Amino acid sequence: MQQPRSKQFRLVAILIVILSSLFASAWFLHSNFEVLSDEEFWVAHTSEVLSALDQSLSSARSAETSVRGYLLTGNKSYLDTFDTAKINAIDGLIHVNVLIQDNPIQVERVPVAMEVLKRRLQLLTDLQTRYLKDHGKIDKEVFQVSEGKVVMEQLRTQIEKMKETEQVLMKKRTDTTD
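Here is what the cut-offs are and how they apply
Residues numbered from 1 in each chain as written. Predicted model: local features only at pLDDT ≥ 70, side-chain atom pairs only at ≥ 80, totals over all residues. Heavy atoms only, no water. Helix = DSSP H or I, 4+ residues; strand = E, 2+ residues; numbered from the N terminus. Buried < 20%, exposed > 50% of the residue type's maximum accessible area, 1.4 Å probe, protein only. Contact = heavy atoms within 4.5 Å. Axes fitted to C-alpha atoms, helices over the stretch in contact; angles between N-to-C directions. Parallel < 35°, antiparallel > 145°, perpendicular 65-115°, else oblique. Nonpolar A, V, L, I, M, F, W, Y, C, P; charged D, E, K, R; others polar. Phe/Tyr/Trp six-rings, centres within 6.5 Å; stacked < 30°, edge-to-face > 60°. Core = buried A, V, L, I, M, F, W, Y, C linked by side-chain atoms within 4.5 Å. Salt bridge = Lys/Arg side-chain N within 4 Å of Asp/Glu carboxyl O. Expected span 1.5 Å × (residues − 1).

Some thoughts on the overall build of the protein chain
So, step 1. When helices and strands are tallied, the protein chain shows 4 helices and 0 strands.
So, step 2. Each helix and strand of the protein chain, ordered N terminal to C terminal, gives the series α-α-α-α.
So, step 3. Within the protein chain, the proportion of its 178 residues that are buried is 31%.
So, step 4. Taking all contacts inside the protein chain whose residues are at least 6 apart in sequence as the whole, residues at least 24 apart take part in 81%.

Overview of the packing of helix H2 (residues 77-99) against helix H3 (residues 104-133)
So, step 1. Viewed as axis vectors pointing N to C, H2 and H3 meet at an angle of 170 degrees, and their least axial separation amounts to 10 Å. Relative to H3, the element H2 lies roughly antiparallel. The residues of H3 that touch H2, namely those facing Leu79, Phe82, Lys86, Ala89, Ile90, Leu93, Ile94, Val96 and Asn97, are Val110, Ala113, Met114, Leu117, Leu121, Leu124, Thr125 and Gln128.
So, step 2. Looking at the contact of H2 with H3, its residues break down into 13 nonpolar, 3 polar and 1 charged.

Some points on the environment of Leu123
So, step 1. Relative to the assigned elements, Leu123 resides in helix H3.
So, step 2. For Leu123, a relative accessible area of 12% translates into the label buried.
So, step 3. For the pair Leu123 and Val151, spaced 28 residues apart in the sequence, the C-alpha separation amounts to 9.1 Å.
So, step 4. If near-sequence neighbours (up to four positions away) are discounted, Leu123 is found in contact with Glu147, Gly148 and Val151.

Quick look at the packing of aromatic side chains
So, step 1. Enumeration according to the criterion identifies 2 aromatic pairs in this entry.
So, step 2. Centroid distance Phe41 to Trp42: 5.0 Å. Interplanar angle 80 degrees. Geometry classified as edge-to-face.

Quick look at the nonpolar core
So, step 1. By size, the foremost hydrophobic cluster in this structure holds 32 residues, and its most contacted members are Leu53, Val96, Leu117, Leu124 and Leu155.
So, step 2. The set of elements that each furnish at least two residues to this core consists of helix H1 (2-73), H2, H3 and helix H4 (147-177).
So, step 3. Of the residues forming this core, the biggest block, 10 residues, is contributed by H3.
So, step 4. Apart from residues lying up to four places away in sequence, Leu117 is in contact with Ser56, Ala60, Ala89, Ile90, Leu93 and Leu155.

Re the pattern of salt bridges
So, step 1. Going through the model one piece at a time under the given rule, you end up with 7 salt bridges.
So, step 2. Note that Arg119 is salt-bridged to Glu147, the shortest N-O span being 2.6 Å. Of this pair, Arg119 sits in helix H3 while Glu147 sits in helix H4, placing them 28 residues apart in sequence.
So, step 3. Between Glu160 and Lys163 there is a salt bridge, and its shortest N-O distance comes to 3.9 Å. You can see Glu160 and its partner Lys163 sitting in helix H4, 3 residues apart, about one turn around the helix.
So, step 4. On the accessibility criterion, Glu160 (35% relative accessible area) is partly exposed.
So, step 5. One network of salt bridges, in which partners are shared, links Asp54, Glu160 and Lys163.

Structural notes on H2
So, step 1. The first and last C-alpha atoms of H2 sit 33 Å apart over 23 residues, in line with the 33 Å expected at 1.5 Å per residue.
So, step 2. Of the positions making up H2, those classed as buried are Leu79, Phe82, Ala85, Ala89, Gly92, Leu93, Val96 and Leu99.

Things to note about the environment of Tyr78
So, step 1. You can see Tyr78 is positioned in helix H2.
So, step 2. When near neighbours in sequence (up to four residues on either side) are disregarded, Tyr78 contacts Ser66, Gly69, Tyr70 and Thr73.

Focus: the environment of Thr84
So, step 1. Inspection of the secondary structure puts Thr84 in helix H2.
So, step 2. The spatial distance from the C-alpha of Thr84 to the C-alpha of Ala63 is 8.0 Å, given a sequence separation of 21 residues.

Shown next, in the form of structure tokens:
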């Protein structure tokens, strides 16, 4: 009668070892998934910041192109595109500002970029006003090197600095997930 108890004891011991191993494996996998999920979150986060920066700069360029089209043709449909591009450019930087609150360097850069963007958009609005005031006449000098071109270059530079910072973070984050 001793043997059946011995078999039962062995079976229970084996079952405990198996269940313990399964539990340990499950815990290990769960903690690795949490780490991986966290890393994947930050990769996606960085991608979102880069995308919002691209959206903002692209929209600023679109605003510029729209005003040029209006000045060259007098076609007011370009002004609708300008209005949309203006909103999208500002919204893009507002979105970036929300996303980068975890990065002190970027937090300092967003207000500078926003100020430069608003200055560029104001210069474009001033061109439209001048065009209307001058009854559709515009001097060629407007299309030459001007304050608008300098301000747009400042915006590009500011956004490129921000993108470079995010690309460094992206490299670190993707290297970690590999």
